[in-house]
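# Inside the fold
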Amino acid sequence: DAGVIQSPRHEVTEMGQEVTLRCKPISGHDYLFWYRQTMMRGLELLIYFNNNVPIDDSGMPEDRFSAKMPNASFSTLKIQPSEPRDSAVYFCASSFYGRGLVTGELFFGEGSRLTVL
Amino acid sequence: QKEVEQDPGPLSVPEGAIVSLNCTYSNSAFQYFMWYRQYSRKGPELLMYTYSSGNKEDGRFTAQVDKSSKYISLFIRDSQPSDSATYLCAMKSNDYKLSFGAGTTVTVRA
């Protein structure tokens with residue numbers, strides 16, 4: 001089975017530009033998470049969805065960040081306008097209600113490495 | 001103070017050595033404790049989870065949780081070069097939000 005698929009794997013952009021990161025969760029998973037990983041702050045939860053509905057976006061740093069999940073197989077994280085401090089690896093993860101989520105098992109994609117110049 | 005503290009290392013050990021990793025935490029509501037392994041340029045993957053206090057063993061890996069001290073550990077016996085990775089502790093209460101440690105980078109020298 002295919003895992004969580006993220007694109008692009010690498011993105012280099014200039015300050016002020018719009019960035020869109022994409023994620024396809026594992027089929028059948030009803031929870032989707034967006035995380036950001038930096039050396040300074042580690043892995044931080046930005047937002048998570050249940051059945052395509054945003055449940056908790058308290059980790060979204062500012063209004064420049066937005067996330068959508070138009071259907072069960074696709075989600076986007078958008079940064080507009082981007083700033084150098086947004087440089088990080090952004091991970092999408094999915095899971096399923098029941099043993100997976102109760103025990104904390106998240107299935108991560110390989111991440112999108114964003115560099116904002 | 002961070003909710004979960006983890007020594008970032010790095011840790012370098014010879015092949016066959018025992019690797020000891022640990023985390024401390026401050027939130028007494030945490031009940032599920034996990035260790036994730038992250039290879040370079042990859043996403044984290046779940047290695048082990050433990051519910052509440054106690055020990056759990058899986059092959060060469062042993063996870064320990066001491067809720068009274070708010071302290072968790074992961075031991076890797078007979079370490080192999082393929083164990084070289086970053087190990088992240090994670091924990092949660094009854095909701096679905098995981099709190100991660102900063103990760104400890106381990107290198108096992110052949």
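Before reading further, recall that the structure is shown in the block above.
Below or above, wherever it landed, is the structure these notes cover. Predicted model, so just to flag it, every value in this text is computed and none were measured.

## Quick notes on the state of the cysteines
All names here are of chain B. The tally for this structure, following the rule as stated, stands at 2 disulfides over all chains. Here Cys23 connects covalently by a disulfide to Cys89, the sulfurs 2.0 Å from one another. Its S-S torsion of approximately -105 degrees makes the covalent link between Cys23 and Cys89 left-handed. Of this pair, Cys23 sits in strand E3 (residues 19-25) while Cys89 is found in strand E9 (residues 85-92), placing the two residues 66 residues apart along the sequence.

## Quick notes on the environment of Gly16(B)
Residue and element names in this part refer to chain B. Position of Gly16 among the secondary structure elements: in the loop between strand E2 (11-14) and E3. What makes Gly16 partly exposed here is its relative accessible area of 38%. Put simply, Gly16 and Ile76 are 60 residues apart on the chain and 9.5 Å apart in space, counted from C-alpha to C-alpha. When sequence neighbours within four positions are dropped, the list of residues in contact with Gly16 reads Asp78 and Ser79.

## Describing the pattern of salt bridges
All told, the structure shown has 14 salt bridges over all chains when counted by the stated rule. Between Glu83(A) and Arg64(A) there is a salt bridge, with its nearest N and O atoms 3.6 Å apart. Residue Glu83(A) is located in the loop between strand E8 (74-79) and strand E9 (88-95), and its partner Arg64(A) is located in the loop between strand E6 (53-56) and strand E7 (65-71); the two are separated by 19 residues in the primary sequence. Residues Asp83(B) and Arg60(B) are paired through a salt bridge, measuring 2.8 Å at the closest nitrogen-oxygen approach. With Asp83(B) in the loop between strand E8 (71-76) and E9 and Arg60(B) in the loop between strand E6 (54-58) and strand E7 (61-66), this pair connects stretches of sequence that are 23 residues apart.

## Description of the interface of chain B and chain A
The partner chain A presents 25 residues to the 17 residues of chain B that form the contact. Across the chain B to chain A interface the summed buried area is about 1,900 Å²; carbon plus sulfur atoms make up 55%. Where chain B meets chain A, there are 2 salt bridges. One salt bridge in this structure joins Asp56(A) and Lys97(B), with 2.8 Å as the shortest N-O distance.

## Some thoughts on the sheet that holds E7(B)
Residues and elements named next belong to chain B. Here 5 strands make up an open sheet; going across it, the order is E1-E3-E8-E7-E6 and the pairing antiparallel. Strand pairing shows two members of the sheet lacking a second neighbour, strand E1 (4-6) and E6, which therefore form its edges. When strand polarity is set aside, the average angle formed by the axes of neighbouring strands in this sheet is 15 degrees. Pairing geometry for E7 and E8, over 6 bridges, is antiparallel. Residue pairing in the sheet places Phe61 in a bridge with Ile76 of E8.

Here is what the cut-offs are and how they apply
- Residues numbered from 1 in each chain as written.
- Chains lettered and ligands numbered in written order.
- Predicted model: local features only at pLDDT ≥ 70, side-chain atom pairs only at ≥ 80, totals over all residues.
- Heavy atoms only, no water.
- Disulfide = S-S within 2.5 Å.
- Helix = DSSP H or I, 4+ residues; strand = E, 2+ residues; numbered from the N terminus.
- Buried < 20%, exposed > 50% of the residue type's maximum accessible area, 1.4 Å probe, protein only.
- Contact = heavy atoms within 4.5 Å.
- Salt bridge = Lys/Arg side-chain N within 4 Å of Asp/Glu carboxyl O.
- Buried area = accessible area lost by both parts, 1.4 Å probe.
- Pairing = 2+ DSSP bridges.
- Axes fitted to C-alpha atoms, helices over the stretch in contact; angles between N-to-C directions.

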